[in-house]
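Structure assessment
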Amino acid sequence: MALLRPLTLLLLLISLFGCSVTSGQKTAGEFLDDSVITTRVKTALVADKEVRAGEISVETYKGVVQLSGFVSSRASAERAVRIAREVPGVRGVNNDMRLRQ
């Protein structure tokens, strides 16, 4: 019985710290949420007639969407940012799109 208590405590500590997320890593829930947000943003961009969605890459990290790529007009980039901001779950949008010259 005396050995059972330390063993139980050790197993409890391993389970608590073994499942912790270190700084900079996403939990499974955050990864899933980000994947859903990315899909929703891409879908919204494709549905819009004024935005050429094929020009724009979408990545999401902890609810912040990053739009990148080379777009044909400033208006298209601005519209893409507005569309992304309207998607549920988006906490912010980083515009890293460049005008194609």
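The coordinates are above.
Conventions and cut-offs
Residue positions within a chain follow its written sequence, with the count starting from 1. Only residues with pLDDT of at least 70 get local features here, since the model is predicted, and only at 80 or more are side-chain atom pairs given and counted; chain-wide, interface and lining totals rely on the full set of residues. For side-chain calculations, the full set of non-hydrogen atoms in the structure is used, while hydrogens and water are omitted. Put simply, DSSP marks the helices as runs of H or I at least four residues long and the strands as runs of E at least two long, and each gets a number from the N terminus on. What a helix should span is 1.5 Å times the count of its residues minus one. Partly exposed residues are those whose accessible area sits between 20% and 50% of the maximum for their type, while under 20% is buried and over 50% is exposed, using a 1.4 Å probe and protein chains only. Here, the arc refers to the directions that run from the helix axis to the C-beta atoms. In the sections that follow, a salt bridge refers to a side-chain nitrogen of Lys or Arg positioned within 4 Å of a carboxyl oxygen of Asp or Glu. By definition, residues are in contact when any of their heavy atoms lie within 4.5 Å. The rule for pairing is simple: two strands pair if DSSP sees at least two bridges between them. Crossover handedness is defined by viewing with both strands directed away from the observer: a clockwise path from the first strand over the helix to the second marks the crossover as right-handed. For our purposes a nonpolar core is just a set of buried Ala, Val, Leu, Ile, Met, Phe, Trp, Tyr and Cys residues, chained together by side-chain atoms within 4.5 Å.

Helix length check: helix α3 (residues 74-86), at 13 residues, gives a terminal C-alpha distance of 19 Å against a target of 18 Å (1.5 Å per residue), a fit within 8%. Here α3 has its buried residues at Ser 76, Ala 77, Ala 80, Val 81, Ile 83 and Ala 84. Along α3, the residues classed as buried sweep out an arc of 165° about the axis, all on the same side. Pointing more than 90 degrees away from the buried face of α3 are the exposed residues Arg 74, Ala 75, Arg 85 and Glu 86.

So, on to unusual backbone geometry. Phi angles above zero are rare outside glycine, and Lys 62 is one such case at about 50°. Tracing the sequence through the fold places Lys 62 in the loop between β1 (56-61) and β2 (64-71). What makes Lys 62 partly exposed here is its relative accessible area of 33%.

Per the stated rule, a full pass over the model turns up 5 salt bridges. Two residues, Glu 55 and Arg 52, come together in a salt bridge whose shortest N-O distance is 3.6 Å. Asp 96 is paired through a salt bridge with Arg 98; the nearest N and O atoms lie 3.1 Å apart. The class for Arg 98 is partly exposed, based on a relative accessible area of 46%. Overlapping salt bridges bring together Asp 48, Glu 50 and Arg 79 as one network.

Further remarks concern the environment of Glu 50. In this fold, Glu 50 is placed in the loop between α2 (28-47) and β1. Between the C-alpha atom of Glu 50 and that of Arg 79, which follows or precedes it by 29 residues, the distance is 8.1 Å. Sequence-distant contacts of Glu 50, defined by excluding residues within four places in its chain, comprise Ser 76 and Arg 79.

This paragraph deals with the pairing of β1. Residues Ile 56, Val 58 and Thr 60 of β1 are buried on one face, while the alternating residues Ser 57, Glu 59 and Tyr 61, pointing to the opposite face, are not. Here β1 pairs with β2 via 6 bridges, running antiparallel. Looking at β2, one finds that Ile 56 is bridged to Gly 69.

Let us now look at the pairing of β2. Two successive antiparallel strands, β1 and β2, enclose a turn made up of 2 residues, where Lys 62 displays a positive phi of approximately 50°. With 8 bridges joining them, β2 and strand β3 (residues 92-99) adopt parallel strand pairing. Looking across to β3, one finds that Ser 68 is bridged to Asp 96. Once you follow β2 into α3 and on to β3, the crossover reads as right-handed.

Buried together is how nonpolar side chains tend to be arranged in soluble globular proteins. In terms of nonpolar packing, the biggest core is built from 18 residues, with Val 41, Leu 45, Ile 56, Val 65, Leu 67 and Met 97 touching the most fellow members. At the level of secondary structure, the elements contributing two or more residues to this core comprise α2, β1, β2, α3 and β3. It is α3 that provides the largest number of residues to this core, a total of 5 residues. Ignoring anything within four residues of it in the chain, the contact list for Val 65 reads Ile 37, Val 41, Val 58, Glu 59, Thr 60, Val 90, Gly 92, Val 93 and Asn 94.

Any functional reading would require information beyond the geometric quantities listed.
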